Protein chains: 2
Amino acid sequence: MPTLLTIPQIRIEVDSGCYLRDPQATEVGRKLLQQALLLIDKTGIEEFTFAKLAKAIDSTEATIYRYFENKHCLLNYLLSWYWASLNFRIAFEINSLSRVSEKLENFLRILVYADLNYASTSFLDMGVLHHLALTEADKVFFTHRVDEENQDRYFRHYKMVCSQLTSLIEQHNPSCQWPKSIACMLIEQSHRQLFFSDHLPSLSDVSQGKKQREEIYSYLLFLLHSTTEKSKTKRQR
Amino acid sequence: MPTLLTIPQIRIEVDSGCYLRDPQATEVGRKLLQQALLLIDKTGIEEFTFAKLAKAIDSTEATIYRYFENKHCLLNYLLSWYWASLNFRIAFEINSLSRVSEKLENFLRILVYADLNYASTSFLDMGVLHHLALTEADKVFFTHRVDEENQDRYFRHYKMVCSQLTSLIEQHNPSCQWPKSIACMLIEQSHRQLFFSDHLPSLSDVSQGKKQREEIYSYLLFLLHSTTEKSKTKRQR
DNA sequence: TCAACATGATAGTAAACCTATTATAAATGT
DNA sequence: ACATTTATAATAGGTTTACTATCATGTTGA
């Protein structure tokens, strides 16, 4: 089990390329983020509008537009916050471990249990953020504005999580041919298997019961080990 | 290389749960599908509207609404068409092969080259459909209406492709613990690696040059073999 | 030939998305 | 202390989207 995080008052900094005005800096901004998270998670980004959010925080559309260009940028902010927060937690919990394989295993465990064992020190709840990420995370990439938005800052926090995992995989097996692709695949599968087992069970072997998370963790471990195992040929000789 | 499909006049049937009125049955309907495909592929589903489509086919919004409830259903229709078409092609090309491993390899090859080596017998171009699927395929699942829409018919064609691959994996290794999850993962990776290598290259090991497709194919083969290899423990003894 | 039905034209509503302008409060300079 | 600048919020409005309704026209096929 991952240790419970108890560090108080960590401020997660989201890259300035993700907003017009820093929402964490003002009272309205913080309230905006909190309510946006709840609303988007409840209805999905498609149904979500600035008008509804304005009503929820007892403010106006114009105010929200001063913080974010549009709702997709706001979604990206929340997801960036999620990845940044996860990245911090991973670094924190993995740092002290000595063996690379231990680090890798804990990395995957944190991905699967990202919403649990988390002291809600911060004003954005990781449980809700994780649930939001399940359905909305991919939507920020798969847009026709990817190339404009991908100025290496807009998606920075997600990329950092990927590159952390990539580098561990490379350490674990320096001759691995696909460290980046495998890293992203693992991160993506940690979400998708949870979503599929809940909503499209015919597309996943993961059950919906109590063992759900443990099964996903086993699956990720299996994927990791089978794809990053060192030179099988040698051993087989 | 997969054989070039030359069978003329194949009619791909899309499940009736995907439309209000069969668009393939009428002239307007077919024109609607063709133009919708081009428009959605060009601008993305977010920018796409029935008004624009109506203008493109020189008709009215009201007419289009008689075929599809909304633009998401239309997108799902096109993607269902894509999966159905792919499914047919896979069955056709794999049928004659004897060894399961051969079937698997060809399955993956067809996934990677889905837009190529395809005689455009049909009125919907597989090249454009494949490109559309790269960015839009996941969007039909990750919605808050999944559970309503997932009446086992709406996503039928995608599920069929998955289950075909699942059953091959099971034949190849009956003791495989995650056949469904691995099948979906492979299908998904065949798209994602292409998209990432084009738009977010820092998240993929696949290059953008001439070898792009071959690299993705190698990657998929690698994933398949490493995750479905039979009882390593026995061999290692 | 008549009934049934698909289409096209027209219109209209409600909401979403975004901008421009005006009001208000806080900060700053003399 | 008071005027001037600055930052932010409130108000309002325009455009587009998503969808529904109605009705005349044309086509099909029983």
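Thresholds, definitions, all that
Residues numbered from 1 in each chain as written. Chains lettered and ligands numbered in written order. Predicted model: local features only at pLDDT ≥ 70, side-chain atom pairs only at ≥ 80, totals over all residues. Heavy atoms only, no water. Contact = heavy atoms within 4.5 Å. Buried area = accessible area lost by both parts, 1.4 Å probe. Salt bridge = Lys/Arg side-chain N within 4 Å of Asp/Glu carboxyl O. Polar contact = N/O pair within 3.5 Å; in protein donor to acceptor, adjacent residues only side chain to side chain. Helix = DSSP H or I, 4+ residues; strand = E, 2+ residues; numbered from the N terminus. Nonpolar A, V, L, I, M, F, W, Y, C, P; charged D, E, K, R; others polar. Near = heavy atom within 4 Å.

**Q** Explain the interface of chain B and chain A to me, and be specific about the residues and the numbers.
**A** Opposite the 55 residues of chain B that make contact, chain A presents 55 residues. Of the roughly 4,800 Å² buried where chain B meets chain A, counting both sides, 60% is carbon and sulfur surface. Looking only at chain B, the three residues that lose the most surface to chain A are Phe142(B), His144(B) and Trp178(B), adding up to 17% of its buried area. Between chain B and chain A we count 6 salt bridges in total. Between Glu47(B) and Arg145(A) there is a salt bridge; the shortest N-O distance is 4.0 Å. Between chain B and chain A we count 14 residue pairs in polar contact (both at pLDDT 80 or more) in total. Breaking the side of chain B that touches chain A down by element, the ones donating at least two residues are helix H1 (27-43), helix H6 (126-136), helix H7 (146-149), helix H8 (156-172), helix H9 (179-199), helix H10 (212-228) and helix H11 (232-236) of chain B. Looking at the side of chain B that touches chain A, the element that brings in the most residues is H9(B), giving 12 residues. Looking at side-chain class alone, the side of chain B that touches chain A contains 21 nonpolar, 16 polar and 18 charged residues.

**Q** So what about the protein's contact with DNA strand D? Which residues, and what values?
**A** DNA strand D sits among 14 residues. The nearest are Val28(A), Arg66(A), Thr49(B), Tyr65(B) and Lys71(B). Within the side chain of Arg21(A), an N or O atom sits 3.1 Å from a phosphate oxygen of DNA strand D. Contacts to DNA strand D include Glu61(B), whose side-chain N or O atom sits 3.4 Å from a base nitrogen. Counting residues per element, the ones that place at least two in the surface near DNA strand D are helix H3 (61-67) of chain A together with helix H3 (61-67) of chain B. Class assignment for the residues of the surface near DNA strand D results in 4 nonpolar, 5 polar and 5 charged.

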